[in-house]
Amino acid sequence: MGFKIFEKNRMVIGAAIVCCLIMVIFPEITATASKEAINLWLNSVVPVLLPFFIAANFLKNTGIVSRISPTIYPFAMGMLSGYPMGARIAGDYYLSGYLSREQLYQVLSYSMITGPAFLIGTVGHEFLGSHQLGIVLAVSHYAGALINRVFYGKAGEKTRRKENRFRTGAVRSQGYYEIFTDAILDSFRSVAVILAYIIIFMIAVDLIQFSGLLKLAPTAEASALLKGILEMTVGCNSLRMCQCSGLVKLTLAAFIVTFGGLSVMGQSMSMLRGCGVSFRRLLLMKLTQALVSAIIAFSVGAFVV
């Protein structure tokens, strides 16, 4: 066990050193990708997520959400604000004792979703060029999430309770101004973590593209899929360049958006810090959810396109 941990640490440190060297060798690519990532973060992530993070943190610290079902609230917040809000809310419920470990996995299996504005407006209207396809994409995305729940067990036991019900005592020991200030600070920390992941994976996509490895992909559709596995938005945007039918674009978009890319996976894992969630199990959840959503999108889209 000790040898495996040592080897794992060596691999992580080695990867970090390689990344630093690449950034030094290719400063132009690093700078360009970072600017694109910051622009995406400022224009898409902050306006959507920051208000919801502040509101969610404030409600959590006042104890109000203790009265909301932990099986519904993460899904609702994920639908309203997008990745990685569902993971954040589910993790808060677990850390506060309202969910067991298995219940947490079940809630994550359907609450790690994105918002309809991104699905219909950005991906559907802008990337796929069809508002109607955006609606089909949204339906398949949410239906796939709910069906995915079936694959990951039943709630079974009643939700656990602890004395610190989302810090219900915070209101008595702190004023609402202090609670609100804490919510703002914690929210900025969360969106900063998201920015870091977006920058890292934007740089990775640009470096892979610069290296010419994507040219090895047999088709433009395969190239877009590979980009989407790393960074969701980049992959979906690449579908605009594909010459395939609208149905194929819709199916690929459903898979990419629902899987979320490794960037979203990293963001979700950071939101679940302290919950002991397995990356492999989370990855499996997103893969099954993406496959189900893609199948639904193809089936429904065949009657629309």
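Residues numbered from 1 in each chain as written. Predicted model: local features only at pLDDT ≥ 70, side-chain atom pairs only at ≥ 80, totals over all residues. Heavy atoms only, no water.

1. Re the environment of His131
Looking at where His131 falls in the secondary structure, it is placed in helix α7 (residues 131-148). In sequence terms His131 and Gly121 are 10 residues apart; their C-alpha atoms lie 7.1 Å from each other. Sequence-distant contacts of His131, that is, excluding residues within four places in its chain, are made with Ile120 and His125. (Helix = DSSP H or I, 4+ residues; strand = E, 2+ residues; numbered from the N terminus. Contact = heavy atoms within 4.5 Å.)

2. Side note on the layout of surface pockets
Quantified by volume, the largest pocket comes out at close to 880 Å³. In this structure, the largest pocket is lined by 40 residues; those nearest its centre are Leu40, Ser44, Phe118, Met232 and Thr233. Contributions of two or more residues to the lining of the largest pocket are made by α2 (27-62), α3 (73-81), α6 (116-127), α9 (176-211), α10 (220-230), α11 (232-238) and α13 (261-271). Per element, the largest residue contribution to the lining of the largest pocket is eight residues, and it comes from α2. Here the lining of the largest pocket is composed, by residue class, of 22 nonpolar, 14 polar and four charged. Empty space within the second largest pocket amounts to approximately 250 Å³. Contributions of two or more residues to the lining of the second largest pocket are made by α4 (85-95), α9 and α13. Take the lining of the second largest pocket: its biggest share by element is four residues, from α9. Residue composition of the lining of the second largest pocket, grouped by class: three nonpolar, two polar and six charged. (1 Å grid on protein atoms, 1.4 Å probe; cavity = no way out; pocket = protein on both sides within 12 Å on 5 of 7 lines; lining within 4 Å. Points joined across faces, edges and corners; volume = space filled by probe spheres on them. Nonpolar A, V, L, I, M, F, W, Y, C, P; charged D, E, K, R; others polar.)

3. Description of the side chain of Ser238
By secondary structure assignment, the location of Ser238 is in helix α11. Owing to a relative accessible area of 14%, Ser238 belongs among the buried residues under this scheme. One polar contact links the side chain of Ser238 to the main-chain carbonyl oxygen of Val234, over a distance of 2.9 Å. Not counting residues up to four positions away in its chain, the partners in contact with Ser238 are Ala224 and Lys227. (Buried < 20%, exposed > 50% of the residue type's maximum accessible area, 1.4 Å probe, protein only. Polar contact = N/O pair within 3.5 Å; in protein donor to acceptor, adjacent residues only side chain to side chain.)

4. Let's talk about the packing of α3 against helix α5 (residues 101-111)
Where α3 meets α5, the axes come as close as 9 Å, and the angle between the chain directions of the two elements is 25 degrees. Relative to α5, the element α3 lies roughly parallel. Crossing hand, α3 versus α5: right-handed. The residues of α5 that touch α3, namely those facing Pro74, Phe75 and Gly78, are Val107, Tyr110 and Ser111. A per-class count over the contact of α3 with α5 returns four nonpolar, two polar and no charged. (Axes fitted to C-alpha atoms, helices over the stretch in contact; angles between N-to-C directions. Parallel < 35°, antiparallel > 145°, perpendicular 65-115°, else oblique. Left-handed = near helix turned anticlockwise from the far one by under 90°.)

5. Here we look at the nonpolar core
Counting 77 residues, the largest nonpolar core has Leu108, Val123, Ile198, Met232, Val277 and Leu282 as the members making the most contacts within it. When residues in this core are grouped by element, the largest group, 12 residues, is from α2. (Core = buried A, V, L, I, M, F, W, Y, C linked by side-chain atoms within 4.5 Å.)

6. Observations concerning α2
Residues three or four positions apart in an α-helix share a direction because the helix packs 3.6 residues into each turn. Helix length check: α2, at 36 residues, gives a terminal C-alpha distance of 46 Å against a target of 52 Å (1.5 Å per residue), a shortfall beyond 12%. Positive phi shows up at Gly63, right after α2, with a value of about 90 degrees. (Expected span 1.5 Å × (residues − 1).)

7. Here we look at the packing of α2 against α3
The N-to-C vectors of α2 and α3 enclose an angle of 155 degrees; their axes lie 10 Å apart at closest approach. In terms of their interaxial angle, α2 and α3 are classed as roughly antiparallel. Viewed along their axes, α2 and α3 form a crossing whose handedness is right-handed. Contact residues: α2 offers Val48, Leu49, Phe52, Ala56 and Leu59, while α3 offers Tyr73, Met77, Leu80 and Ser81. Residue classes in the contact of α2 with α3 are distributed as eight nonpolar, one polar and no charged.

8. Notes on the confidence of the model for the protein
Regions with low pLDDT carry predicted coordinates that are not meant to be interpreted in detail. In the predicted model, the protein carries a mean pLDDT of 83, and the fraction of residues at 70 or more is 89%. Between residues 155-172, whose pLDDT stays under 50, and residues either more than four places distant or in other chains, the model counts 42 contacts. (pLDDT = per-residue confidence, 0-100.)

9. Structural notes on α3
Turning to α3, its buried residues are Tyr73, Pro74, Phe75, Met77, Gly78 and Ser81. Those residues of α3 hidden inside the fold are in contact with α2, α4, α5 and α7. Backbone geometry just downstream of α3 places Gly82 in the positive-phi region, at approximately 90 degrees.

10. Overview of the packing of aromatic side chains
Tallying each qualifying case throughout the model produces five aromatic pairs. Taking the centre distance of 6.0 Å and the plane angle of 75 degrees together, the rings of Tyr93 and Tyr98 count as edge-to-face. Take Tyr93: its relative accessible area is 1%, and that puts it in the buried class. Centroid distance Phe255 to Phe259: 6.2 Å. Interplanar angle 15 degrees. Geometry classified as stacked. Taken together, the residues Phe255 and Phe259, both in helix α12 (residues 246-259) and four residues apart, mark about one turn of the helix. The residues Phe255 and Phe259 share a single accessibility class, namely buried. Ring pairs connect the aromatic residues Tyr73, Tyr93 and Tyr98, which therefore count as one cluster. Across from the ring centre of Tyr105, 3.9 Å away, lies the NZ or CZ of Arg281, which sits over that ring. (Phe/Tyr/Trp six-rings, centres within 6.5 Å; stacked < 30°, edge-to-face > 60°. Lys NZ or Arg CZ within 6 Å of the ring centre and 35° of its normal.)

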